[in-house]
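One-letter residues, chain by chain:
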Amino acid sequence: MTEDLHEGPLSPVTHPAPAQKLTRREERRRRRQRRRRGEEVLAWVLVPLICVGIYLGVNAGFDFFGTSPGQVWDQLMQVKTMMEKRSGTQGARG
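Reading the values: the criteria
- Residues numbered from 1 in each chain as written.
- Predicted model: local features only at pLDDT ≥ 70, side-chain atom pairs only at ≥ 80, totals over all residues.
- Heavy atoms only, no water.
- Phe/Tyr/Trp six-rings, centres within 6.5 Å; stacked < 30°, edge-to-face > 60°.
- Buried < 20%, exposed > 50% of the residue type's maximum accessible area, 1.4 Å probe, protein only.
- Patch = residues over 30% accessible without salt bridge, like charges linked within 9 Å, V, L, I, M, F, W, Y side chains within 5 Å.
- Areas by Shrake-Rupley, 256 points an atom, 1.4 Å probe, with all protein chains shown as cover.
- Salt bridge = Lys/Arg side-chain N within 4 Å of Asp/Glu carboxyl O.
- Lys, Arg positive; Asp, Glu negative; His and termini not counted.
- Charge placed at Lys NZ, Arg CZ, Asp CG, Glu CD.
- Helix = DSSP H or I, 4+ residues; strand = E, 2+ residues; numbered from the N terminus.
- Expected span 1.5 Å × (residues − 1).
- Bend = angle between axes of the 7 residues up to and from the residue.
- UniProt positions renumbered as here; feature names shortened; annotations may be inferred.

Sorry if this is basic, but what is going on with the packing of aromatic side chains here?
Both the distance between ring centres and the angle between the ring planes are used here to describe each pair of aromatic rings. Counted according to the given criterion, the structure contains one aromatic pair. Residues F64 and F65 carry aromatic rings whose centres are separated by 5.1 Å and whose planes lie at 80° to one another, so their mutual orientation is edge-to-face. In this structure F64 comes out as exposed when scored by relative accessible area, which is 69%. For F65, a relative accessible area of 65% gives the class exposed.

How should I be thinking about a positive patch on the surface in this particular structure?
Together, R25, R28, R31, R32, R34, R36 and R37 line one region of the surface with positive charge. Residue position: R32 is located in helix 2 (residues 24–65).

What exactly am I supposed to notice about helix 2 here?
Within an α-helix, residues lying three or four positions from one another point in the same direction, as the helix has 3.6 residues per turn. Between its first and last C-alpha, helix 2 extends 59 Å over 42 residues, near the 62 Å set by a 1.5 Å rise per residue. Of all the bends found along helix 2, the most pronounced is centred on A43 and spans about 25°. Taken from the residues just after helix 2, G66 is the one with a positive phi, measuring 70°.

Explain the UniProt feature "transmembrane region" (unreviewed entry) in the protein here, please?
The positions UniProt marks with the feature "transmembrane region" (unreviewed entry) are residues 41–62. End C-alpha to end C-alpha, residues 41–62 measures 33 Å, and it is 100% helix and 0% strand.

The following block contains the structure:
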């Protein structure tokens, strides 16, 4: 029975080193990194949603007024030519 007690030297027990407490500057830097990463992810999600929403809103507006982008463009070009004619005749008088 005494032989079991004296088998050899005990091996040292290794304890994991306690985690070092971060400095305030390091904590602030990590918070800033997490915030920037979160903002990037949010931007990659929200920007396409906003663009699609604007597109659908413009199309809904055209449907509501019963027109199309081509017709609106044609009307704008007609207004432009009328304004050019009007300014051309007034310029000749002055």
